[in-house]
Amino acid sequence: MKSSLLRFLLVLSLFPVLRCTGDARGMFKVAPAGGYALTFDDDSIEAWYGIRDLLKKYQVRATFFVTNVEQLSNSQIEMLFKLEFDGHEIGFHGRNHLELNQYIRENSLDDYIRTEVIPGYEEMVADGFAPTSFAYPGGSRNKTADEELLKYFKIIRGVSESQRHVPAHNVDKIDDVFYDFDGNRIVNGLGIDNHLAISVDDLTTGFRRALDRREVLILYAHKPSYGDSAYTINIPYLEKILKSAHELGLRSFRISDLVP
Ligand SMILES: [Zn+2]
């Protein structure tokens, strides 16, 4: 069991770090520019921490949407603090990764907010985080839930529905993964994990569109690894993506940077 005293001392010891992060946030205003937002979901904290240098190398500011918060160890919390200090965003991805529409078939939206959102959010706050963004577990959402959750978060990331129907080599035609600074607080991500088989050239068509139209291409993945299994993203592939974006001069946005 984790000691709450230990956790309190850890939070206290990192307070100057948190204060610096808060100051750094203020430097980044929303400005329409061609870019991309790289996001990761779930709880592969060590794997996320393991690509810290890679993200620095290409000046990426990623967003990590964390779930199963109650089970985080102190060392994982410390890793998330360090990622935040590097300039990344820590968002919220549900307390127990319950998929919304599946859950509310037998329960209500109120139940979802009361059991999945509020307690998990409070656990994050108790750990020293202040999430302003939410990603739906499994991308499962509906409009009523969007409205309710936007009372708690300034922006929500879902997943692209169009991705299922448009061939991967036409990333530039998947309209719902491009954010055009219209103030919409619901954005959708394009999945780039291994099993989705999007080549670097495919993605570059999307990067070019973002550059030409001053849009932001929203991306999501799960666990960085050197393998090629589903729901992981191969690290050398990820590096090629980041290099392509960097060479085009695309700006990297955290999800909460997209709205005032
Ligand atoms: Zn997830």
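A. Structural context of helix α10 (residues 235-248). An ideal rise of 1.5 Å per residue puts 20 Å on 14 residues; α10 measures up with 20 Å between its terminal C-alpha atoms. Where α10 is buried, its residues contact β1 (35-42), α4 (52-57), α9 (200-213), β9 (223-225) and β10 (232-234). If you check the start of α10, you find a side-chain oxygen 3.1 Å away from the backbone N of Y237, and it comes from N234. Following α10 by one or two positions, G249 adopts a phi angle in the positive range, close to 80 degrees.

B. Quick look at the environment of G138. Secondary-structure assignment places G138 in the loop between β4 (133-135) and α8 (143-149). Residues G138 and D41, 97 residues apart in the sequence, show an inter-C-alpha distance of 9.6 Å. With residues near it in sequence (within four places) discarded, G138 still touches H97 and E99.

C. A look at the confidence of the model for the protein. On average, residues of the protein score 89 in pLDDT, and 88% of them are at 70 or above. Confidence over residues 1-28 falls short of pLDDT 50; this stretch has 33 contacts with residues more than four positions distant or in other chains.

D. View of the pairing of strand β3 (residues 89-92). Across the two faces of β3 the burial is the same, with E89 and G91 and I90 and F92 all buried. Bridge count for strand β2 (residues 63-66) against β3 is four bridges, and the pairing is parallel. Bridging across to β3, V66 finds its partner in F92. Crossover β2 to β3 through helix α5 (residues 74-85) is right-handed.

E. Layout of the coordination of the zinc ion. Surrounding the zinc ion are the protein donor atoms D42 (OD), H93 (NE2) and H97 (NE2), at 2.0 to 2.1 Å. Positions of the donor residues of the zinc ion along the chain correspond to the pattern D-x50-H-x3-H. Of this pair, D42 sits in strand β1 while H93 sits in the loop between β3 and α6 (100-104), and the two are 51 residues apart along the sequence. For H93, a relative accessible area of 1% puts it in the buried group.

F. The arrangement of unusual backbone geometry in detail. One non-glycine residue, A197, lies in the positive phi region at around 50 degrees. Within the secondary structure layout, A197 lies in the loop between β7 (186-191) and α9. Take A197: its relative accessible area is 57%, and that puts it in the exposed class. Phi is positive for R214, close to 55 degrees, though the residue is something other than glycine. In this structure, R214 sits in the loop between α9 and β8 (216-221).

G. Molecular detail of the pattern of salt bridges. Applying the stated criterion to the full structure yields 15 salt bridges. A salt bridge links K57 to E239, with the nearest nitrogen and oxygen atoms 2.8 Å apart. You can see K57 sitting in helix α4 and its partner E239 sitting in helix α10, a full 182 residues away along the chain. Given the relative accessible area of 51%, K57 is considered exposed. For D257, the salt bridge is made with R254, and the minimal N-O distance between the two is 3.1 Å.

Cut-offs and rules
Residues numbered from 1 in each chain as written. Predicted model: local features only at pLDDT ≥ 70, side-chain atom pairs only at ≥ 80, totals over all residues. Heavy atoms only, no water. Helix = DSSP H or I, 4+ residues; strand = E, 2+ residues; numbered from the N terminus. Expected span 1.5 Å × (residues − 1). Contact = heavy atoms within 4.5 Å. Polar contact = N/O pair within 3.5 Å; in protein donor to acceptor, adjacent residues only side chain to side chain. pLDDT = per-residue confidence, 0-100. Buried < 20%, exposed > 50% of the residue type's maximum accessible area, 1.4 Å probe, protein only. Pairing = 2+ DSSP bridges. Right-handed = clockwise from strand over helix to strand, strands pointing away. Donors = N, O, S within 2.8 Å, 3.2 Å for Na, K, Ca; no water. Salt bridge = Lys/Arg side-chain N within 4 Å of Asp/Glu carboxyl O.

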